[in-house]
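# Coordinate analysis (summary)
What follows is the residue order along each chain.
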Amino acid sequence: MSKSLARVTAALESAGLACKILEMPGETRTAGDAAREAGCEINQIAKSIVFRGEESNSVVLFITAGGNRVDGEKASEAAGETLGRADAGFVRDKTGFAIGGVAPVGHLTPSHVFLDPKLLGYAVVYAAAGTPRHIFAVTPEQLTEISGAKVAEFTS
């Protein structure tokens, strides 16, 4: 088991969730790939989009429905600071995950987390489990709780 997958597994267990991590036959790097592999709607994919806080240099994570795009201005407003692009190095250093497998839990450093309210319209959503081939199913309410997310409007 990879270190990334192990961190996600430990975070889910620590939260008391009995989520089964699913290894998919194909890649789940994009929301479209993940939806195809999971056999669900694209908006049931809880994709993790990382930004860098310009003032704090911290990770700001937006968990959004797979078909939505994060609006930079709205995201900055929700975060209370100007946000910048998080390159692959920043994402890996701060979260411990590679782009395409960023999980909403199990980060190396604490993140400020925001959740797209569109996800709350589903009974189950699927999130990355730390690798480009692993996902887990969870209720949006559980995801909000275990990630420490604040529900906010940040999509365009």
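Refer to the structure presented above.
Here we summarise the structure given alongside this text. (Residues numbered from 1 in each chain as written. Predicted model: local features only at pLDDT ≥ 70, side-chain atom pairs only at ≥ 80, totals over all residues. Heavy atoms only, no water.)

A few words now on helix 4 (residues 88–95). Buried residues of helix 4: F90, V91 and T95, and no others. All buried residues of helix 4 project into a common sector of 100 degrees when viewed along the axis, lining one side. Tucked into the core, helix 4 has its buried residues touching helix 1 (3–14), strand 2 (45–53) and strand 3 (59–65). Positive phi appears at G96, one or two residues downstream of helix 4, with a value of about 90 degrees. (Buried < 20%, exposed > 50% of the residue type's maximum accessible area, 1.4 Å probe, protein only. Helix = DSSP H or I, 4+ residues; strand = E, 2+ residues; numbered from the N terminus. Arc of directions from axis to C-beta. Contact = heavy atoms within 4.5 Å.)

Our focus in this paragraph is the pairing of strand 3. Of all the 7 residues making up strand 3, 7 are buried; the element is thus mostly covered by neighbouring parts of the structure. With 7 bridges connecting them, strand 2 and strand 3 associate as antiparallel partners. Looking at the pairing, R52 lines up with V59 of strand 3. Of the pairings in the sheet, the one linking strand 3 to strand 5 (residues 111–115) comprises 5 bridges and is parallel in character. Looking at strand 5, one finds that L61 is bridged to V113. (Pairing = 2+ DSSP bridges.)

Further remarks concern the environment of G100. Counting through the fold element by element, G100 comes out in the loop between helix 4 and strand 5. Overall, the relative accessible area of 18% leaves G100 in the buried class. Through-space distance from the C-alpha of G100 to that of A149 is 20 Å; in sequence the pair is 49 residues apart. Residue contacts for G100: discarding those within four places in its chain leaves T28, R29, T131 and P132.

Summed over all chains, the structure comprises 4 salt bridges. Note that D33 and R36 form a salt bridge whose closest N and O atoms lie 3.4 Å from each other. Placement of the pair is D33 and R36 together in helix 2 (residues 31–38), with a separation of 3 residues, close to one helical turn. In this structure, E54 and R52 form a salt bridge, with 3.3 Å as the shortest nitrogen-oxygen distance. By sharing partners, the salt bridges in this structure join D33, R36 and E37 into a single network. (Salt bridge = Lys/Arg side-chain N within 4 Å of Asp/Glu carboxyl O.)

Counting residues in each nonpolar core, the largest one holds 29 residues, and the members touching the most others are V8, V50, I63 and F136. Within the residue set of this core, elements represented by two or more residues are helix 1, strand 2, strand 3, helix 4, strand 5, strand 6 (125–128) and strand 7 (134–138). Examining the composition of this core, we find that 4 residues originate from one element, strand 3, more than from any other. Residues contacting V8, with those up to four places away along its chain left out, are I21, F97, A103, V105, A129, G130 and F136. Among the nonpolar cores identified, the runner-up in size contains 9 residues, and V60, A75, L83 and F114 belong to it. (Core = buried A, V, L, I, M, F, W, Y, C linked by side-chain atoms within 4.5 Å.)

For the structure on display, the rule yields 3 aromatic pairs. Residues F62 and F114 carry aromatic rings whose centres are separated by 5.3 Å and whose planes lie at 20 degrees to one another, so their mutual orientation is stacked. Within this pair, whereas F62 is found in strand 3, its partner F114 is found in strand 5, the two being separated by 52 residues in sequence. For the pair F62 and F114, one class covers both residues: buried. By the ring-pair criterion, three or more aromatic residues cluster together here, those being F51, F62, F114 and F154. Residue placement shows R7 over the ring face of F97; its charged tip is 4.7 Å from the ring centre. (Phe/Tyr/Trp six-rings, centres within 6.5 Å; stacked < 30°, edge-to-face > 60°. Lys NZ or Arg CZ within 6 Å of the ring centre and 35° of its normal.)

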